Amino acid sequence: MNILKLTRHIAALGILATGYTASAQSPAKFIDPTNMDLSVKPGDDFYTYASGTWIKNNPVPAKETRWGSFNVLRDFNINAVKGLVEDAAADKTAPVGSVKKRVGDFFAAAMDSIAIEKLGYSPIKADLEKVKQLKTVQDILDHTVYMRVSGLASPMFGFSVGQDRKNVTKYLPQLGQGGTTLPDRDYYLKDDSRSVKIREAYTTYMTTLFGLIGYNNTEGQKKAATVMSIEKKFADAQMSRVEMRDPYKTYNKFTVANFSKTTPSVDWAKMLLKLKVSGQDTILVSAPKFFVTFDEMLKSVSLKDWKTYLEWNVLKNAAPNLSSPFVAANFAFNQVQSGQKVQTPRWQRMSQLTDGTIGELLGQLYVAKYFKPDAKLRMTELISNLRKAFEIRIKNLDWMSAATKEKALAKLNAFVPKIGYPEKWKNYDGLVISRAAYFQNLRNAGAWGYKESIDQLGKPVDRTRFGMTPPTVNAYYSPTMNEIVFPAGILQFPFFDPNADDAVNYGGIGAVIGHEMSHGFDDSGSQYDKDGNLRNWWTDEDKTKFEAKTKALGEQFDAYTVLDTIHVIGKLTMGENIGDLGGLNAAYTAFKLTKQGQSNEKIDGFTPDQRFFLSWAQVWRGNILPESAAQLIKTDPHSPGPYRTIGAPVNMDAWYEAFDVKPGDKLYKKPENRIRMW
């Protein structure tokens, strides 16, 4: 079920698995030599040196697609969340309307598999019937609006409400490309063996689902071919992920009247009213050419084929939440893409769904039980220290002029940190949750989320909101809000531990803080000013120097491969690579201001500097299934873990000194070739 949430341009740390935290006991050794492979020279393979034994001893479990430090944390912590939702579901005394009652009812309904099995696909029969009744292309357009507003699906194109990137005090309606199902446009357009295999699996999936609602195999195959043909046209019209990273290329402001002239078949003034948007004469469009093609398709694709396409959108969005044949077909399709061996247990999927749907209700229960105020105090101190370190580094840059430095420092000083959880909780007023209606709960949440988003129009921008729920193991930077946000879920080992020495905390959470700060100065974030507006604050000369550095970093990562031959896409991962490079440098500078950072006292056989870099390395250790590795190279703006481990350190003199890395070592870069950015 698609649940429309507040759209923000955010750059996240990149821990893809959603996670949760609890009060885990501190490990006996924060840097444990038994996890390392000391037979390997750190200068030849720092990733294996730091984590080789751990990697050998921790294969990917059958229910996962990857397994690393944060997955271990997630697996431990999901059980804490399980305790919260199960306790809420079992509590018969919780008052009607209370947070606990609503969380408990949502989870109980989601876990009532007997009721879900009995229903089969009856929750969507009326929706499928409505599609059959459509008589004109205008009916098709109107029905796509109905599907979006009612929380059913978001076919054809993207629609959201977000800040105007050139005037961030205002919310605007925004249109984006869409219409496809596969994870990336390339899967429709390329004929390499993996793309062909995924298209075949997708066709099988569609045929299976059409069969489950009564079509024979021939009819199902024909419908699948129709959907594939339409989605391929949409894919061909889409901008690539690399192109979509350009904030100017995706900023196209139109009056509604002028935009309608580019799409003669669509009157956007009327469409907006049907989308519940009134009083708006301006719209932001990320990919105008996509909508020209969309308009042409409205004329060239038959009514019958559009009805098949909408039928498929109802089916695909509902499948994971219907009876077991639909869920099994959905997992079989995902298996081909990810390589996952067995379905994630239902309790885990439903715990995550609870967080994804009513995360700030669940978050209130979570924070009350697991979040420690002293963690917030320590994080506040660390953020302050990282800000000081970043300021030192900006002032000492030898490639940047005084004029640009002044603007950079103003932006740094304007960063707004958020830690743990929102000051003002979202209470989902008006959202109906029933213990006896799982699918309807999701529909209600989708419709509620859409209305909440639309209701922002005309109101002041709410700067108290979090773009992630409190239990999430991740962090993010928002360029339009100029904020760095650290949900409570990340404040635990291996990122953070109040009992750890400074080297471990600065190499972990310190580097995370620095990473998010660096997003304000990466190739995209650096185009926004201190107020969050998309506005150039660089001199031409400094911008040219910065772009030369980003080009060099892109070339470094382009050279890295997964599965022997698939190259990392340096332009796609650029922002995250700059985040890592700037963040680790800032964290190291901050660490050197501490007492431990200025000493040479060893702990468990390692110097403070060695512990700092080993802490960074153990965050990114892990294994991944080959299918998932191949998919993430196309779709994930973060580089693979092994290259996040080494990508920044090989550009830092301190790493060479800490591990005595010399010319001739495989990872060695000459001092003049080391990329020094922030």
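Within each chain, residues carry numbers counting from 1 in the order of the written sequence. Thresholds applied to this predicted model are a pLDDT of at least 70 for local features of residues and 80 or more for the giving and counting of side-chain atom pairs; totals over whole chains, interfaces and linings are not thresholded and use all residues. Values reported for side chains reflect all heavy atoms of the structure, with hydrogen atoms and water molecules removed beforehand.

Asks: Account for the overall build of the protein chain, naming residues and giving values.
Replies: Numbering of helices and strands runs from the N terminus, with a helix taken as a DSSP run of H or I at least four residues long and a strand as a DSSP run of E at least two residues long. The number of helices and strands found in the protein chain is 25 helices and 12 strands. Over its C-alpha trace the protein chain gives a radius of gyration of 25 Å, about what one expects of a compact globule, namely 26 Å for 678 residues. For the protein chain, the C-alpha atoms occupy an extent of roughly 75 × 60 × 50 Å along the three principal directions. For the protein chain, with 678 residues in total, the buried portion stands at 59%. Note on contacts: a residue pair qualifies if any of its non-hydrogen atoms lie within 4.5 Å across the two residues. Pairs at least 24 residues apart make up 76% of the contacts formed inside the protein chain by residues separated by at least 6 positions. Per element, the accessible surface of the protein chain, about 26700 Å² overall, is 53% carbon and sulfur. We count Lys and Arg on the positive side and Asp and Glu on the negative side, and we leave His and both chain ends out. For the purpose of locating charges, the reference atoms are NZ of Lys, CZ of Arg, CG of Asp and CD of Glu. Where the 87 positive side-chain charges of the protein chain centre and where its 73 negative ones centre are 4 Å apart. The reference for a compact globule is 2.2 Å times residues^0.38; the radius of gyration itself is calculated from the C-alpha atoms. A simple rule labels every residue: compare its accessible area, found with a 1.4 Å probe on the protein chains alone, to the largest value its type can have, and call it buried under 20%, exposed over 50%, or partly exposed in between. Each accessible area is a Shrake-Rupley estimate made with a 1.4 Å probe; only the visible protein chains count as cover when residues are assessed.

Asks: Now, about the sheet that holds strand E3 (residues 158–164): what can you tell me, with residues and values included?
Replies: Any two strands with at least two DSSP bridges between them are considered paired. Across the sheet, four strands lie side by side as E3-E4-E6-E5; this open sheet has mixed pairing. This sheet does not close on itself; its edge strands, each paired only once, are E3 and strand E5 (253–255). In this sheet, neighbouring strand axes are inclined to one another by 40° on average, regardless of whether the strands run parallel or antiparallel. Of the strand pairs in this sheet, strand E4 (residues 167–176) and strand E6 (residues 282–285) are connected by two bridges, and their pairing is parallel. Residue pairing across strands places Leu-175 opposite Val-285, the latter belonging to E6. Orientation is described by lines fitted to C-alpha atoms, with helices fitted over the stretch in contact, and by angles between N-to-C directions that extend from 0 to 180 degrees. The sheet strands contacting helix H12 (residues 288–300) are E4, E5 and E6, and the helix crosses E4 at an angle near 30°.

Asks: If you had to explain the sheet that holds strand E8 (residues 476–478) to someone new, which residues and values would you point to?
Replies: Spatial ordering of the open sheet is given by E1-E8-E9-E7, a layout of four strands whose pairing is mixed. The open sheet has two edge strands with one neighbour each: strand E1 (11–12) and strand E7 (416–420). Direction of pairing for E7 relative to strand E9 (residues 483–487): parallel, over a ladder of five bridges. Residue pairing in the sheet places Ile-419 in a bridge with Phe-486 of E9.

Asks: Describe the packing of aromatic side chains, naming the residues involved and giving the relevant values.
Replies: For Phe, Tyr and Trp, where Trp contributes only its six-membered ring, two rings pair if their centres lie within 6.5 Å, and the inter-plane angle classes them as stacked under 30 degrees, edge-to-face over 60, or tilted in between. Counted under the stated rule, the structure contains 54 aromatic pairs. Taking 5.7 Å as the distance between ring centres and 75° as the angle between the ring planes, the aromatic pair formed by Phe-259 and Phe-291 counts as edge-to-face. With Phe-259 in helix H10 (residues 256–262) and Phe-291 in helix H12, this residue pair connects regions lying 32 residues apart in the sequence. Comparing Phe-259 with Phe-291 shows no difference in burial state: the two are buried.

Asks: Break down unusual backbone geometry for me, with residues and values.
Replies: The residue after Phe-493, namely Pro-494, is reached through a cis peptide bond having omega 15°. Its location among the elements puts Pro-494 in the loop between E9 and helix H19 (502–519). The backbone of Lys-276 shows a phi angle near 75°, a positive value even though the residue is not glycine. Mapped onto the elements, Lys-276 comes out in the loop between helix H11 (268–274) and E6. Not every positive phi belongs to a glycine, and Leu-563 is a case in point at roughly 50°. Mapped onto the elements of the fold, Leu-563 is located in the loop between strand E10 (561–562) and strand E11 (566–567). Owing to a relative accessible area of 41%, Leu-563 belongs among the partly exposed residues under this scheme.

Asks: Break down the nonpolar core for me, with residues and values.
Replies: Counting residues in hydrophobic clusters, the biggest one holds 117 residues, and the most contacted among them are Phe-46, Ile-490, Phe-495, Ile-509, Phe-613 and Trp-678. In terms of residues, this core owes the most to one element, helix H21 (residues 574–591), which gives nine residues. Nonpolar cores are built from buried Ala, Val, Leu, Ile, Met, Phe, Trp, Tyr and Cys residues. Side-chain atoms within 4.5 Å join them into one set.

Asks: Any details on the pattern of salt bridges? Residues and values, ideally.
Replies: A carboxyl oxygen of Asp or Glu within 4 Å of a side-chain nitrogen of Lys or Arg is what we treat as a salt bridge. Applying the stated criterion across every chain yields a total of 36 salt bridges. Between Asp-75 and Lys-63 there is a salt bridge whose closest N-O contact spans 2.9 Å. With Asp-75 in helix H2 (residues 69–90) and Lys-63 in the loop between helix H1 (46–57) and strand E2 (66–68), this pair connects stretches of sequence that are 12 residues apart. With a relative accessible area of 23%, Asp-75 lands in the partly exposed category. Between Lys-418 and Glu-483 there is a salt bridge; the shortest N-O distance is 2.8 Å. Here the residue Lys-418 occupies a position in strand E7, and Glu-483 occupies one in strand E9, the gap between them amounting to 65 residues.

Asks: Which residues make up the pairing of E6, and what are the values?
Replies: The two faces of E6 match: Thr-282 and Leu-284 on one face and Ile-283 and Val-285 on the other face are all buried. The sheet contact formed by E5 and E6 spans three bridges and is antiparallel. Within E6, the residue paired with Phe-254 across the bridge is Ile-283.

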